Amino acid sequence: KDLISRILKAVEAGYPFLIENMGENIDPSLMPIIGRITIKRSNKKFLQIGDQEVEVSPDFRLYLHTKLSNPHYPPEIQAETTLVNFSVTQDGLDEQLLALVV
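A few points on the structure. (Residues numbered from 1 in each chain as written. Predicted model: local features only at pLDDT ≥ 70, side-chain atom pairs only at ≥ 80, totals over all residues. Heavy atoms only, no water.)

1. Structural notes on the packing of aromatic side chains
And then number 1: Taken as a whole and judged by the stated rule, the model has zero aromatic pairs.
And then number 2: Between the NZ or CZ atom of arginine 41 and the centre of the ring of phenylalanine 46, over which it lies, the distance is 5.1 Å. (Phe/Tyr/Trp six-rings, centres within 6.5 Å; stacked < 30°, edge-to-face > 60°. Lys NZ or Arg CZ within 6 Å of the ring centre and 35° of its normal.)

So this is what it looks like as C-alpha cells:
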C-alpha cells in the first residue's frame, strides 16, 4: 500500500520513479500505470488505482529494474514497456564494435 501511495505522488508531481529488484511477477496493481490506462477530463489525464484518482503529469516516468539476466515477462508487459539490457559480454561488445567499423 505504501508503494502505491508513493507512486501516485510521483505520478501527480511528475517525478521519475524507480522500482528495483523486480522479479518476473509484476504486482497487478501496477498495471494501470504500466498500461497507461488514463481517464481524460477536459484537457487533463487522470489515473485511477483502486479508489484513488490522481492527475497524471506528462513528466512522470516509471523505471522497473531487475537483476535477472534474461527476464520473461507476459506479452502485455512487453508491449507496454521498453526492455534495456545493460549486461555486456566481451563477445557482444566485439560484435558491436565490428559492426561500427565494417
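2. Remarks on the sheet that holds strand β2 (residues 38-41)
And then number 1: Pairing is antiparallel across the open sheet formed by three strands, whose spatial order is β2-β3-β4. Each edge of the sheet is formed by a strand with only one pairing partner; in this case those strands are β2 and β4 (52-55). Within this sheet the neighbouring strands show an average axis-to-axis angle of 30 degrees, counted without direction.
And then number 2: Relative to β4, helix α1 (residues 2-13) is tilted by about 25 degrees, and along the sheet it contacts β3 (44-49) and β4. (Pairing = 2+ DSSP bridges. Helix = DSSP H or I, 4+ residues; strand = E, 2+ residues; numbered from the N terminus. Axes fitted to C-alpha atoms, helices over the stretch in contact; angles between N-to-C directions. Contact = heavy atoms within 4.5 Å.)

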